[in-house]
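Given next are the chains, with one letter for each unit.
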Amino acid sequence: MNPSKAPAQILDVDGHEVRISSPDKMVFPEAGLTKLDLVRYYLAVAEGALRGAGGRPMVLKRFPKGIGAEPFFQKRVPENHPDFIGTATLQYASGTSAEEAVIRDAAGLAWVVNLGCLDLNPHPVRAEDLEHPDELRVDLDPMPGVEWARIVDTAYVARDVLAETGLVGWPKTSGSRGLHILVRIAPQWSYRDVRLAAETLAREVENRAPGLATARWWKEERGESVFVDFNQNAKDRTVASAYSVRALPDARVSTPLTWEEVRSVRPEQFTVSTVLRRFADSGDPHRGIDDAAGRLDGLLALAAELGPAEKAPRTGDGSGRRRSVMPLIEVARTKTKPEALAALEEWKSRHRDVVPSLTPADVLVDGMRGSSSLWYRVRVNLQHVPEPDRPAQEQLIADYDPWAGKHPGS
């Protein structure tokens, strides 16, 4: 045992005892925040955090080695969970199932933070009805090189489409570079219908703001635009909910906003320290979200009017795989993001002559979900490189296999 390690601290949270191990563990060195500081933050904003995550099954995204290392995703609730933690068994599209944690009170928030969770990742359903989402989620995801003002402009177009179809959008910063818009809906539609409604919203936003927003699912086809990510409404997806602390050095927070604030603020303004003051002063801007549940009839009628979305072409080898319309090459597959960025720099050093032709959106470094953690894929879109000068596909600089040693469905 490390003699300098601080003893566990027992907190009384509304009559529940919550054990906080290693309370002085430094989680955010730059911001000076320990594990206990994070627990106290979530207790202070519990009303708002539970409005977003309470009563919903959640994936536990754990950072046991701190923000400098990759997290792992734990679907199954730990067997020794306390009695104030509920559970719900979800059936996944893969055919597997998992009994996930459901938190309903401040003690539950403290418990998940003690496990090493920084952000909260609930599903868009309540534990009482796992097949009918009560929330449609709009993720405005900017491509590299896209400025905040363009994200804001896209958000207002999305708000207008929602309003015209009888829905109310509630904006929040993602805690990274983008914006989320949350839409409460009556739990009467299937996941498939909710995703179709979200895709329809994305297509209509693109129709109204071509060049600014895109609904194109394939990243290399988006250009320097804001992707209206409708696939966050797929059955197995979760997103960081309101008041989640993100794993950035400044301890940035996914923060609910009013529409009046959206044009005047920036994501970096909202950190653990500033959100604590903001919440104490003015409470939660989303306090009325549960009273604003709407219906999807308008978006689904628009879906019928627009017709089916364009499908990507397929390869002719009988595999059914999609064929990209862009001149893509793959550079690397890696376990961590630093390894991915290092591989990218190595590729650039090999092909210095084409680098000046690339735009920020041509360099694609994507976090891909593995069985329990992220892995990274690096690709380069050569669309802006003259065809005679385009490098050929080479052997991957790194070729990490996230499924090596894994059994199907594990």
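It should be emphasised that the depicted structure is a prediction, and the values quoted were computed from it without experimental measurement.

Chemist: Help me out: how do you make sense of the side chain of Asp 119 in this one?
Modeler: Tracing the sequence through the fold places Asp 119 in the loop between α3 (106-114) and β9 (121-122). Taking relative accessible area as the criterion, Asp 119 reaches 3% and is therefore assigned buried. Of note is the side chain of Asp 119, whose polar atom sits 3.3 Å from the side chain of Arg 246.

Chemist: Looking at this model, I keep getting lost on the environment of Pro 256. Mind explaining?
Modeler: Tracing the sequence through the fold places Pro 256 in the loop between β14 (226-229) and α6 (259-262). Put simply, Pro 256 and Ala 213 are 43 residues apart on the chain and 22 Å apart in space, counted from C-alpha to C-alpha. Residues in contact with Pro 256, not counting those within four places in the same chain, are Pro 171, Lys 172, Ala 242, Tyr 243, Arg 278, Asp 284, Pro 285 and His 286.

Chemist: Whenever I open this one, the sheet that holds strand β18 (residues 398-399) confuses me. Can you help?
Modeler: For sheets, the rule is that strands pair by backbone hydrogen bonds, running either parallel or antiparallel. One open sheet accounts for 4 strands, arranged β16-β17-β15-β18; its pairing is mixed. Since the sheet does not close on itself, it has two edges, and those belong to β16 (363-369) and β18, each with one partner. Pairing geometry for β16 and strand β17 (residues 374-381), over 7 bridges, is antiparallel. Along β17, the bridge assignment pairs Arg 369 with Leu 374.

Chemist: Can you walk me through helix α8 (residues 297-306) in this structure?
Modeler: Note on helix geometry: an α-helix contains 3.6 residues per turn, so any two residues three or four positions apart are oriented the same way. All of the buried residues in α8 are Leu 299, Leu 302 and Ala 303. One side of α8 carries all its buried residues, which in axial view fall inside an arc of 110 degrees. Of the exposed residues in α8, those oriented more than 90 degrees away from the buried face are Ala 304 and Glu 305.

Chemist: Help me understand helix α2 (residues 46-53), please; the structure alone is not making it clear to me.
Modeler: Counted residue by residue, α2 has 7 buried out of 8 residues, so it is predominantly covered. Those residues of α2 that sit buried are Ala 46, Gly 48, Ala 49, Leu 50, Arg 51, Gly 52 and Ala 53. If you follow the buried residues of α2, they end up packed against α1 (35-44), β5 (57-62), α3, β9, β12 (179-184) and α7 (272-282). Directly beyond the C-terminal end of α2, a positive phi value near 80 degrees is found at Gly 55.

Chemist: Explain the pattern of salt bridges to me, please; I cannot follow it from the model alone.
Modeler: All told, the structure shown has 26 salt bridges when counted by the stated rule. Arg 51 is the salt-bridge partner of Glu 47, the closest N and O atoms lying 3.0 Å from each other. Taken together, the positions of Glu 47 and Arg 51, both in helix α2 and 4 residues apart, correspond to about one turn of that helix. Using a relative accessible area of 49% as the deciding quantity, one classes Glu 47 as partly exposed. Between Asp 366 and Arg 379 there is a salt bridge; the shortest N-O distance is 3.1 Å. Of this pair, Asp 366 sits in strand β16 while Arg 379 is found in strand β17, placing the two residues 13 residues apart along the sequence. Arg 379 matches Asp 366 in its accessibility class, with the two residues each being buried. Among the charged side chains, a network of salt bridges with common partners joins Arg 56, Arg 126, Asp 134, Glu 135, Arg 137, Arg 184 and Asp 290.

Chemist: Explain the packing of α1 against α7 here, please?
Modeler: In a packed pair of helices, the relevant descriptors are the angle between the two axes and the axis-to-axis distance. It is at 10 Å that the axes of α1 and α7 come closest, and there the two elements cross at 25 degrees. One finds that α1 runs roughly parallel with respect to α7. Note that α1 runs across α7; the crossing there is left-handed. On α7, the residues that touch Leu 38, Tyr 41 and Ala 44 of α1 are Val 272, Val 275, Leu 276 and Phe 279. For the contact of α1 with α7, the per-class residue count stands at 7 nonpolar, no polar and no charged.

Chemist: For this particular structure, what's the right way to read the sheet that holds β14?
Modeler: One open sheet accounts for 5 strands, arranged β11-β12-β10-β14-β13; its pairing is mixed. Edge positions in the open sheet fall to β11 (170-173) and β13 (213-214), since each of these has one partner strand only. Bridge analysis of β11 against β12 gives 4 bridges, and the strand direction is antiparallel. Note on β12: the bridge partner recorded for Trp 170 is Leu 182. Taken strand by strand, helix α5 (residues 191-208) contacts β10 (135-142), β13 and β14, and its axis lies near 40 degrees from that of β10.

Chemist: Got a minute to help me understand the environment of Arg 216 in this structure?
Modeler: Within the secondary structure, Arg 216 sits in the loop between β13 and β14. Along the primary structure Arg 216 and Arg 203 are separated by 13 residues, whereas in three dimensions their C-alpha atoms are 8.5 Å apart.

Chemist: Explain the packing of α1 against α3 here, please?
Modeler: At their nearest, the axes of α1 and α3 sit 9 Å apart, and the two run at 155 degrees to each other. Looking at the two axes, α1 sits roughly antiparallel to α3. Once α1 is placed against α3, the crossing between them reads as right-handed. Contacts between α1 and α3 involve Lys 35, Leu 38, Val 39, Tyr 42 and Leu 43 from the first element and Ala 106, Leu 109, Ala 110, Val 113 and Asn 114 from the second. Its residues assigned to classes, the contact of α1 with α3 shows 8 nonpolar, 1 polar and 1 charged.

The rules we used
Residues numbered from 1 in each chain as written. Predicted model: local features only at pLDDT ≥ 70, side-chain atom pairs only at ≥ 80, totals over all residues. Heavy atoms only, no water. Helix = DSSP H or I, 4+ residues; strand = E, 2+ residues; numbered from the N terminus. Buried < 20%, exposed > 50% of the residue type's maximum accessible area, 1.4 Å probe, protein only. Polar contact = N/O pair within 3.5 Å; in protein donor to acceptor, adjacent residues only side chain to side chain. Contact = heavy atoms within 4.5 Å. Pairing = 2+ DSSP bridges. Arc of directions from axis to C-beta. Salt bridge = Lys/Arg side-chain N within 4 Å of Asp/Glu carboxyl O. Axes fitted to C-alpha atoms, helices over the stretch in contact; angles between N-to-C directions. Parallel < 35°, antiparallel > 145°, perpendicular 65-115°, else oblique. Left-handed = near helix turned anticlockwise from the far one by under 90°. Nonpolar A, V, L, I, M, F, W, Y, C, P; charged D, E, K, R; others polar.

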